[in-house]
Amino acid sequence: MRARLLTGLAAAALAFTIAPAAAAETHPHPTPYGPQRPYEPDVAGPVNIDTGTAVYAPDGGSRFGVTITFDARRSTTTGVEPAAPREFVFLFDRSVRFNPHLFPTCDRSVIETQGAAACPDGSLVGSGRAEFYRGGAGEVLVFNTTFDHGRRGVLIHIPVSGAILENTLERVVGDYRDDYGWGLNEIVPPNDTPPQDRPSTSAFAVTFGAVHNGHSFVQSFAKPGSEVAAGVWSEYVTGQTTLVEGTLTRP
């Protein structure tokens, strides 16, 4: 069973945390029917502690248009570098709808060969910032895209590191449907670096939302003043899973 961890910051912001004691809990995958990550055995490593905040804000476009920001922080019970991630799922309230078909798309190959500046106008649907445990920080860019078999989603690109992370838009399953409708499922693919030696971020903030030709990429049909849910599910190379979630007031 998931624990609801509710600690409100303000009317338009949410603080949700997971305590070290909860780190050994197992949280089922919210969107298990999307693309599958290649199997890797678990490795020994630290216990990660995830905390974060989420914020809804009007996007200035359509009546129901919003931007939704997730600001995640990561540490460990012993103060060493956090274990590297395998997968994340950003969880969106049941009131949230996405309109990717109303926005231009950018293909992964364009970013790989020509850089993010070559993506079509209007395909940028979010932004953010990553802070690396080993030092430094970098801009985060979010592009609307399409995947095989008609899947929709976004590419999260960190230019300073060259990372291009595929996020497919998936319906949540099971008990998650009590609070959420959609998840953006991000797979961090394996590479030649041993899992225990891969770098990790200490903080990662990303905002989803944009306006193009008067259309909103993200909409929330919850009434102003009502409670909406947000959450982030994570899995690490140690096999540990975490779930940070809570509610906030829709502005």
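In short, a report on the structure. Small disclaimer: the values here were computed from a predicted structure and weren't measured.

## Describing the pattern of salt bridges
Overall, the coordinates contain 12 salt bridges when judged by the stated rule. For Arg86, the salt bridge goes to Asp42, with nearest N and O atoms at 2.7 Å. Of this pair, Arg86 sits in strand β5 (residues 85-93) while Asp42 sits in the loop between β2 (13-17) and β3 (48-58), and the two are 44 residues apart along the sequence. The partner of Arg86 in a salt bridge is Glu235, with the nearest N and O atoms 3.0 Å apart. With a gap of 149 residues between them, Arg86 in strand β5 and Glu235 in strand β16 (residues 227-236) connect regions that are remote in the sequence. Taking the relative accessible area as the measure of exposure, Arg86 reaches 6% and is therefore buried. Here the residues in one salt-bridge network are Asp71, Arg73, Arg129 and Glu131, joined through shared partners.

## So, the pairing of β16
With 9 of its 10 residues buried, β16 lies for the most part within the structure. When β5 meets β16, the two strands line up antiparallel, connected through 7 bridges. Counted as the bridge partner of Phe90 is Val232 from β16. When β16 meets strand β17 (residues 241-249), the two strands line up antiparallel, connected through 9 bridges. Bridged to Gly231 within β17 is Glu245.

Rules used in this analysis
Residues numbered from 1 in each chain as written. Predicted model: local features only at pLDDT ≥ 70, side-chain atom pairs only at ≥ 80, totals over all residues. Heavy atoms only, no water. Salt bridge = Lys/Arg side-chain N within 4 Å of Asp/Glu carboxyl O. Helix = DSSP H or I, 4+ residues; strand = E, 2+ residues; numbered from the N terminus. Buried < 20%, exposed > 50% of the residue type's maximum accessible area, 1.4 Å probe, protein only. Pairing = 2+ DSSP bridges.

Purely spatial values, then, with no claim about function.
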